[in-house]
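These are the residues of each chain, in order.
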Amino acid sequence: MSTIQVKIEAYGAIERQLPPQLALDYPSAILVGDVLHQITEQFPQAEKALERCACAIGEDIVSRQATLKHDCTLVLLSPVAGG
């Protein structure tokens, strides 16, 4: 059984709190929320930003309940103020 690699791309405030080349490996399918939880454990300074960020894969916003079943890049987008 092959592992699933989730590469992390962060933009905005989150980008400054995470390393530029972040990739996590999992033995099986995992929820987006569980990936965020693991990032918070490794980088506690990013917790507040991660709580409010939007998550996307490609052009699609995904929920924290979405299941990642194969290698992908999870994009973390900081909330944007103003309007």
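Use the structure listed above.
I will try to describe carefully the structure that is included in this document. Note that the structure is a prediction, hence the values are computed from the model and not measured.

Reading guide: rules and limits
Residues numbered from 1 in each chain as written. Predicted model: local features only at pLDDT ≥ 70, side-chain atom pairs only at ≥ 80, totals over all residues. Heavy atoms only, no water. Core = buried A, V, L, I, M, F, W, Y, C linked by side-chain atoms within 4.5 Å. Buried < 20%, exposed > 50% of the residue type's maximum accessible area, 1.4 Å probe, protein only. Helix = DSSP H or I, 4+ residues; strand = E, 2+ residues; numbered from the N terminus. Contact = heavy atoms within 4.5 Å. Polar contact = N/O pair within 3.5 Å; in protein donor to acceptor, adjacent residues only side chain to side chain. Pairing = 2+ DSSP bridges. Axes fitted to C-alpha atoms, helices over the stretch in contact; angles between N-to-C directions.

1. Some thoughts on the nonpolar core
The tendency in soluble globular proteins is for nonpolar side chains to be buried side by side.
So, point 1. Ranked by internal contacts, the top residues of the largest apolar core, which has 24 residues, are Val6, Ile8, Leu18, Val35, Ile39 and Leu76.
So, point 2. Looking at this core, the elements with two or more residues in it are β1 (4–11), β2 (22–26), α1 (32–42), α2 (47–52) and β7 (72–77).
So, point 3. When sequence neighbours within four positions are dropped, the list of residues in contact with Val35 reads Val6, Ile8, Leu24, Tyr26, Ile30, Leu68 and Leu74.

2. Details of the side chain of Ser78
So, point 1. Examined against the element boundaries, Ser78 turns out to sit in the segment after β7.
So, point 2. Take Ser78: its relative accessible area is 16%, and that puts it in the buried class.
So, point 3. At a separation of 3.0 Å, a polar atom in the side chain of Ser78 contacts the main-chain amide nitrogen of Ala13.
So, point 4. Of note is the side chain of Ser78, whose polar atom sits 3.1 Å from the backbone nitrogen of Ile14.
So, point 5. Beyond its immediate sequence surroundings of up to four residues, Ser78 is in contact with Tyr11, Gly12, Ala13 and Ile14.

3. What to know about the sheet that holds β2
Sheet strands line up and pair through hydrogen bonds in the backbone, either parallel or antiparallel.
So, point 1. Within the open sheet, the 5 strands sit side by side as β2-β1-β7-β4-β5. Their pairing is mixed. At either end of the open sheet lies a strand with only one pairing partner, and these are β2 and β5 (60–62). Taken over all neighbouring pairs, the strand axes of this sheet differ in orientation by 35° on average, direction set aside.
So, point 2. Sheet strands touched by α1: β1, β2, β4 (54–57), β5 and β7. Its angle to β2, the strand with the most contacts, is close to 120°.

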